[in-house]
Amino acid sequence: MSQQFKEAMNRLQQSMPKGGPRAPIGGAAAGALGSLLTAGALAYGAFHSVYSVDGGHRAVVFNRIVGMKNTVYGEGLNFNIPWFEWPVIYDIRTRPCNLQTLTGSKDLQMVEVG
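Residues numbered from 1 in each chain as written. Predicted model: local features only at pLDDT ≥ 70, side-chain atom pairs only at ≥ 80, totals over all residues. Heavy atoms only, no water.

### Here we look at the overall build of the protein chain
Then, in step 1: Along its length, the protein chain carries two helices and seven strands.
Then, in step 2: Reading the protein chain from its N end, one meets helices and strands in the order α-α-β-β-β-β-β-β-β.
Then, in step 3: For a compact globule of 114 residues, the expected C-alpha radius of gyration is about 13 Å, and the protein chain comes in at 33 Å, more than 25% above that figure.
Then, in step 4: Along the first, second and third principal axes, the C-alpha set of the protein chain runs to 110 × 50 × 25 Å.
Then, in step 5: Burial statistics for the protein chain: of 114 residues in total, 11% are counted as buried.
Then, in step 6: Excluding contacts between residues fewer than 6 apart, the proportion of contacts in the protein chain whose partners are at least 24 apart in sequence is 43%.
Then, in step 7: For the protein chain, the exposed surface amounts to about 9800 Å²; the carbon and sulfur share of it is 61%. (Helix = DSSP H or I, 4+ residues; strand = E, 2+ residues; numbered from the N terminus. Rg over C-alpha atoms; globule rule 2.2 N^0.38 Å. Buried < 20%, exposed > 50% of the residue type's maximum accessible area, 1.4 Å probe, protein only. Contact = heavy atoms within 4.5 Å. Areas by Shrake-Rupley, 256 points an atom, 1.4 Å probe, with all protein chains shown as cover.)

Written out as C-alpha cells, the structure is:
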C-alpha cells in the first residue's frame, strides 16, 4: 500500500512544472513596484503609530502581549506600535446634574429649588 502511494506521489511530482509561474515584469518595473510597496508600508505604519488625545480626555493603551498598560496618557499627540497596541480613550470631564427639590420656606410656603 505504501509503495503504491510513493509511486503515485513520484508520478505527480514529475508531472508538475518546476519553478512555478513566472512574472513577466522586468528588472526596473520590479524595483519600482518593490519601492512603491515599501513606501506604502512605511506610510501605513507612520499614520497608524500616532493618536491624539483631546482636552478633557485620557487614554490607556491595550497591548496584545502584556494586556492593559499601567500608564494613563494625557492630552496631546501620543505614539503606539501599530497592530500590537491601540488606545482606549475616556472622557473624564465633569457634567452638570440639575436636581429639583421641593422645600419649605420660613413662612411655610412650598418652594421648588433647582
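Moving on from the model shown.
### Comments concerning the pattern of salt bridges
Then, in step 1: Per the stated rule, a full pass over the model turns up four salt bridges.
Then, in step 2: In this structure, Glu85 and Lys69 form a salt bridge, with 2.7 Å as the shortest nitrogen-oxygen distance. Here the residue Glu85 occupies a position in strand S5 (residues 85-91), and Lys69 occupies one in strand S3 (residues 67-73), the gap between them amounting to 16 residues.
Then, in step 3: Overall, the relative accessible area of 8% leaves Glu85 in the buried class.
Then, in step 4: Through salt bridges with shared partners, a single network forms among Asp91, Arg93 and Arg95. (Salt bridge = Lys/Arg side-chain N within 4 Å of Asp/Glu carboxyl O.)

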